Amino acid sequence: GESVGLHLPTLSVQEGDNSIINCAYSNSASDYFIWYKQESGKGPQFIIDIRSNMDKRQGQRVTVLLNKTVKHLSLQIAATQPGDSAVYFCAEIRAYKYIFGTGTRLKVLA
Amino acid sequence: EAQVTQNPRYLITVTGKKLTVTCSQNMNHEYMSWYRQDPGLGLRQIYYSMNVEVTDKGDVPEGYKVSRKEKRNFPLILESPSPNQTSLYFCAAGSDEKLFFGSGTQLSVL
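This one's a predicted model, so the numbers in the text were calculated from it and none came from an experiment.

J.: Honestly, the overall build of chain A in this entry has me stumped. Any pointers?
T.: The helix and strand tally for chain A stands at zero helices and 10 strands. Reading chain A from its N end, one meets helices and strands in the order β-β-β-β-β-β-β-β-β-β. For 110 residues, the compact-globule estimate of 2.2 N^0.38 gives 13 Å, and the C-alpha radius of gyration of chain A, at 14 Å, lies within 12% of that figure. A principal-axis box enclosing the C-alpha atoms of chain A has dimensions of 40 × 35 × 25 Å. The buried share of chain A, reckoned over its 110 residues, is 40%. Partitioning the intrachain contacts of chain A with sequence separation of at least 6 by distance along the chain shows that 53% fall at a separation of at least 24.

Okay, here's the thing in structure tokens:
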């Protein structure tokens, strides 16, 4: 049968452009959030995290923004590279209770 | 290098034949957990462990068992596998709620 995974939301970005991947979370009590990157055939890889007492955190080429008012999280990737092609998903956490999103597939166009 | 190691990477078995998927971590993390990943459903938690000899059910524990006799190991046991347990399985370990994942075990139950 058809794989539902093929119907993941897809974001196609030109190499060198910035990417913005969004995530709506469900639990207003969640106080910790993580973005993961999952390449085909591999386990989820930790990218960046943010606590609920912050609204922005920056890493190397990545920035996470948190808007608690609308329960929205975004991941910004600067100067997107071919190696950034993967599925990205967010996790919301409270007291070791994890809720994972299904993800967005990022395709980097040459 | 911090690692979560799962074995085997791929496993094909038949209905009813007991199997164990091993997981070990070299980071001295107290928290470990098992997830299954199915297309369109994201990661679902099977069991977790907050420390040695402390385990608890996650969201989809039916048909699975775990043990945590020592800090570094957290095996997943399927006493009588069924075809609906065909899935991609991930072990994770972490502290302060920051989770790191293994590379995954693709299980097929015929």
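J.: I'm lost on the nonpolar core in this one. Help?
T.: In summary, soluble globular proteins display a tendency toward joint burial of nonpolar side chains. Membership of the largest hydrophobic core comes to 20 residues, with the highest contact counts inside it found for Trp-34, Ile-46, Tyr-64, Leu-76, Leu-78 and Tyr-89 of chain B. Every element with two or more residues in this core is listed here: strand E3 (19-25), strand E4 (31-38), strand E5 (42-51), strand E8 (76-78), strand E9 (87-95) and strand E11 (105-109) of chain B. Setting aside its immediate chain neighbours within four residues, Ile-46 of chain B contacts Trp-34, Tyr-35, Arg-36, Lys-57, Gly-58, Asp-59, Val-60, Pro-61, Tyr-64, Leu-76 and Tyr-89 of chain B. Cys-23, Ile-77, Ala-86 and Tyr-88 of chain A belong to the second-largest nonpolar core, a separate cluster that totals 19 residues.

J.: Is there a simple way to explain the interface of chain B and chain A in this structure?
T.: Many analyses report the size of an interface as the accessible area lost when the parts associate. Contact residues are listed per partner, giving 21 residues for chain B and 25 residues for chain A. Where chain B touches chain A, the interface holds three salt bridges. A salt bridge links Lys-97 of chain A to Asp-59 of chain B, with the nearest nitrogen and oxygen atoms 3.0 Å apart. Applying the counting criterion to the chain B and chain A interface returns 10 residue pairs in polar contact (both at pLDDT 80 or more). Taken together, the elements giving at least two residues each to the side of chain B that touches chain A come down to E4, E5, E9 and strand E10 (98-101) of chain B. Across the side of chain B that touches chain A, the residue classes tally to 10 nonpolar, six polar and five charged.

J.: Is there a simple way to think about the state of the cysteines in this case?
T.: Linking two cysteines covalently through their sulfur atoms gives a disulfide. All names here are of chain A. Taken as a whole and judged by the stated rule, the model has two disulfides over all chains. Through a disulfide, Cys-23 is tied to Cys-90; the S-S separation comes to 1.7 Å. Of this pair, Cys-23 sits in strand E2 (residues 19-24) while Cys-90 is found in strand E8 (residues 86-94), placing the two residues 67 residues apart along the sequence. For the pair Cys-23 and Cys-90, a shared accessibility class is recorded, and that class is buried.

J.: Can you walk me through the sheet that holds strand E6 (residues 62-67) of chain A in this structure?
T.: Sheet strands associate in pairs through backbone hydrogen bonding, adopting either a parallel or an antiparallel arrangement. All names here are of chain A. Read across the open sheet, the four strands follow the order E2-E7-E6-E5; overall the sheet is antiparallel. Of all strands in the sheet, those bounded by a partner on one side alone are E2 and strand E5 (56-58). Sheet twist, expressed as the mean angle between neighbouring strand axes with direction ignored, is 15°. For E6 and strand E7 (residues 72-77), the ladder comprises six bridges, and the chain directions are antiparallel. Each bridged residue has a counterpart across the sheet, and for Leu-65 the counterpart in E7 is Ser-74.

J.: What should I look at first to understand the sheet that holds strand E7 (residues 65-66) of chain B in this one?
T.: Residue and element names in this part refer to chain B. Spatially, four strands are ordered E1-E3-E8-E7 in an open sheet, and the strand pairing comes out antiparallel. The open sheet has two free edges, formed respectively by strand E1 (4-7) and E7, since each of these has just one partner strand. The pairing of E1 with E3 spans four bridges and is antiparallel. By the bridge assignment for E3, Val-4 is matched with Gln-25.

J.: How should a nonpolar patch on the surface be read in this particular structure?
T.: Residue and element names in this part refer to chain B. A cluster of nonpolar side chains, namely Ile-12, Val-14 and Leu-110, defines an oily patch on the protein surface of about 330 Å² accessible area. Turning to its location among the elements, Leu-110 is positioned in the segment after E11. Among the residues examined, Leu-110 registers a relative accessible area of 63% and is labelled exposed.

J.: I tried to follow the side chain of Gln-45 of chain B on my own but got confused; where do I start?
T.: Residues and elements named next belong to chain B. With respect to the helices and strands, Gln-45 occurs in strand E5. The buried category is assigned to Gln-45, whose relative accessible area is 6%. Engagement of the side chain of Gln-45 in a polar contact is seen with the side chain of Tyr-31, the distance being 2.9 Å. The residues contacting Gln-45, other than those within four sequence positions of it, are Tyr-31, Ser-33, Trp-34, Tyr-35, Gly-58, Asp-59 and Val-60.

What counts, and at which threshold
- Residues numbered from 1 in each chain as written.
- Chains lettered and ligands numbered in written order.
- Predicted model: local features only at pLDDT ≥ 70, side-chain atom pairs only at ≥ 80, totals over all residues.
- Heavy atoms only, no water.
- Helix = DSSP H or I, 4+ residues; strand = E, 2+ residues; numbered from the N terminus.
- Rg over C-alpha atoms; globule rule 2.2 N^0.38 Å.
- Buried < 20%, exposed > 50% of the residue type's maximum accessible area, 1.4 Å probe, protein only.
- Contact = heavy atoms within 4.5 Å.
- Core = buried A, V, L, I, M, F, W, Y, C linked by side-chain atoms within 4.5 Å.
- Salt bridge = Lys/Arg side-chain N within 4 Å of Asp/Glu carboxyl O.
- Polar contact = N/O pair within 3.5 Å; in protein donor to acceptor, adjacent residues only side chain to side chain.
- Nonpolar A, V, L, I, M, F, W, Y, C, P; charged D, E, K, R; others polar.
- Disulfide = S-S within 2.5 Å.
- Pairing = 2+ DSSP bridges.
- Axes fitted to C-alpha atoms, helices over the stretch in contact; angles between N-to-C directions.
- Patch = residues over 30% accessible without salt bridge, like charges linked within 9 Å, V, L, I, M, F, W, Y side chains within 5 Å.
- Areas by Shrake-Rupley, 256 points an atom, 1.4 Å probe, with all protein chains shown as cover.

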